[in-house]
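Listed below are the residues making up each chain.
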Amino acid sequence: MDQARTSLKANILIAPLDWGLGHATRCIPVIHAFLKHNCNVLIAADRKVKLLLEKEFPELPFVDLKGYDVAYSKSKYAFPFVIGKQIPKILSAIQHENDRIDEIVEEHKIDGIVSDNRYGFYHDDIPSVFITHQLLIKTYLGKIADEYLQKFNYDYINQFTECWVPDNEGALNLAGELSHPEIHPAIPLKYVGPLSRFQKEDPAIQKHLLIVLSGPEPQRTIFENLVVEQLQDYTSPVVLVRGLPATSNQLQLPSNISVFDHLPSNEFNKKMEEATLVISRGGYSTIMDLAILKKKSILIPTPGQTEQEYLAKHLMKINFALSIDQQKFKLKAALKLANSFQYTVSGFPVENKLEETVKSFLFTLKTKRASAI
């Protein structure tokens, strides 16, 4: 990419967080948007994220970037303490990003940076975007703790040039208070609409129940074991996507269940469109996929993850999705509840401002480069 300075193409560096794969998947439309505008795109990622994005963009260059490598607890109630113990590791990863970004910018002559929730991945001399749907981070500790954490959050976000929020700007939105808090960051805030790698095609014949597993361990495996046990006597067609880009152990399941460790975007898009119903975690990237494809769903929040628990309650309140706690989840009872739930997802509005936001950012880069000549 270092030869690219001889052309007028902008060199864009994109780095998704490794906290689950949702940050990587929602960067896929962002990458496509920059490629559409004839940019050179370089992706910085750790192993798991790199495995996923290499399958989507085999032609693009990658650089290694250490992940935050956050682990979850087995117990909902231990979750805050387990995360708290990892704060030094997270802060160390942020410092590593600060150091690594200088090397990458110099080596690859970067013009613009896009960081999806990587707090240290900005450069003082380069226009830098921070992508997040969590301007307000909720805890179990109450309003004062939430406000303190928001200030800590903004101290990092305000180091960037602008912040892109993947949600609708209006009152009918996916993330509620998380993306629409009373207090905003000091830098320009741009709502780009839900970001999904999927596109709604012609109406598909609905064929199966789709179950999507995702998120950090050990909770991904705990939920998988729960689902597998309850599928043993389920006789209708099921597609189970395990959320494991790398090779893994095989599951022994009845013949009516098709199991995939991972699916490329085009195949996953098709499986989701063909689903009568989607059962998944309440991760925000999955929620955006559901909004784009207008799919009915049952959300099972990761125990102890306050973000997913808040999103599930918010979306159930507006009848976008049915939510059930993991400890109360019984497949047959859940499907019966879903059958009578008054879903509103088919009429949920989806704003799409990514294209105009990318164009505006590239105009900023062009102006900066012109002034430097």
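Basis of the calculations
Residues numbered from 1 in each chain as written. Predicted model: local features only at pLDDT ≥ 70, side-chain atom pairs only at ≥ 80, totals over all residues. Heavy atoms only, no water. Helix = DSSP H or I, 4+ residues; strand = E, 2+ residues; numbered from the N terminus. Rg over C-alpha atoms; globule rule 2.2 N^0.38 Å. Buried < 20%, exposed > 50% of the residue type's maximum accessible area, 1.4 Å probe, protein only. Contact = heavy atoms within 4.5 Å. Polar contact = N/O pair within 3.5 Å; in protein donor to acceptor, adjacent residues only side chain to side chain. Salt bridge = Lys/Arg side-chain N within 4 Å of Asp/Glu carboxyl O. Phe/Tyr/Trp six-rings, centres within 6.5 Å; stacked < 30°, edge-to-face > 60°. Pairing = 2+ DSSP bridges. Right-handed = clockwise from strand over helix to strand, strands pointing away.

Asker: Explain the overall build of the chain to me, please; I cannot follow it from the model alone.
Answerer: When its secondary structure is counted, the chain shows eleven helices and 13 strands. The C-alpha atoms of the chain give a radius of gyration of 21 Å, which matches the 21 Å a tight globule of 373 residues would have. Overall size of the chain, expressed as C-alpha extent along the three principal axes, is 70 × 45 × 40 Å. Within the chain, buried positions represent 55% of all 373 residues. Look at the contacts in the chain between residues 6 or more apart in sequence, and 68% of them connect residues 24 or more apart.

Asker: Is there a simple way to explain the side chain of Glu-162 in this structure?
Answerer: Inspection of the secondary structure puts Glu-162 in strand E6 (residues 162-165). Look at Glu-162 and you get buried, because its relative accessible area is 6%. Here the side chain of Glu-162 touches Lys-190 through a polar contact of 3.4 Å, side chain to side chain. In contact with Glu-162, not counting residues within four places along its chain, are Ser-128, Val-129, Phe-130, Ile-187, Pro-188, Lys-190 and Phe-361.

Asker: Hey, could you run me through the pattern of salt bridges in this one?
Answerer: Pairing is possible between side chains of opposite charge, provided their charged atoms come close. Under the counting rule described, the total for this entry stands at 18 salt bridges. Put simply, Glu-97 and Arg-118 hold a salt bridge, and the shortest N to O gap is 2.7 Å. Placement of Glu-97 in helix H4 (residues 87-108) and of Arg-118 in the loop between strand E4 (112-116) and strand E5 (128-131) is noted, with a sequence separation of 21 residues between them. A relative accessible area of 0% means that Glu-97 is categorised as buried. A relative accessible area of 0% places Arg-118 in the buried class. In this structure, a network of salt bridges that share partners links the residues Glu-217, Arg-220, Glu-224, Arg-242 and Asp-261.

Asker: I'm lost on the side chain of Asn-40 in this one. Help?
Answerer: Within the element layout of this structure, Asn-40 appears in strand E2 (residues 40-45). Look at Asn-40 and you get buried, because its relative accessible area is 17%. A polar contact of 2.9 Å, which involves the side chain of Asn-40, links it to the side chain of Asn-11.

Asker: For this particular structure, what's the right way to read the packing of aromatic side chains?
Answerer: The geometry of an aromatic ring pair is captured by two quantities: the separation of the ring centres and the angle between the planes. Applying the stated rule across the entire model yields eleven aromatic pairs. Plain terms: the ring middles of Phe-198 and Phe-268 are 5.4 Å apart, the flat faces sit at 65 degrees to each other, and that makes the pair edge-to-face. Of this pair, Phe-198 sits in the loop between strand E7 (189-191) and strand E8 (208-212) while Phe-268 sits in helix H7 (residues 265-273), and the two are 70 residues apart along the sequence. Taken as a pair, Phe-198 and Phe-268 share a single burial class, namely buried.

Asker: Help me understand the pairing of E8 in this model?
Answerer: The side chains of a regular strand alternate, residue by residue, between the two faces of the sheet. Among the five residues in E8, five count as buried, and that is most of the element. Along E8, one buried face is formed by His-208, Leu-210 and Val-212 and the opposite face, lined by Leu-209 and Ile-211, is buried too. Of the strand pairs in this sheet, E8 and strand E11 (residues 275-280) are connected by five bridges, and their pairing is parallel. Paired with Leu-209 across the two strands is Leu-277, which belongs to E11. Here four bridges tie E8 to strand E9 (residues 238-241), and the two strands are oriented parallel to one another. Considered in E9, the bridge of Leu-210 is made with Val-239. Crossover handedness for the path E8 to helix H6 (residues 219-231) to E9: right-handed.

Asker: Help me understand the environment of Ala-15 in this model?
Answerer: Summarising the element assignment, Ala-15 is placed in strand E1 (residues 11-16). Using a relative accessible area of 0% as the deciding quantity, one classes Ala-15 as buried. Sequence-wise, Ala-15 and Ala-44 are 29 residues apart; in three dimensions their C-alpha atoms are separated by 4.8 Å. Those residues in contact with Ala-15, other than ones at most four positions away along the chain, are Ala-44, Leu-65, Val-114, Ser-115, Asp-116, Arg-118 and Phe-121.

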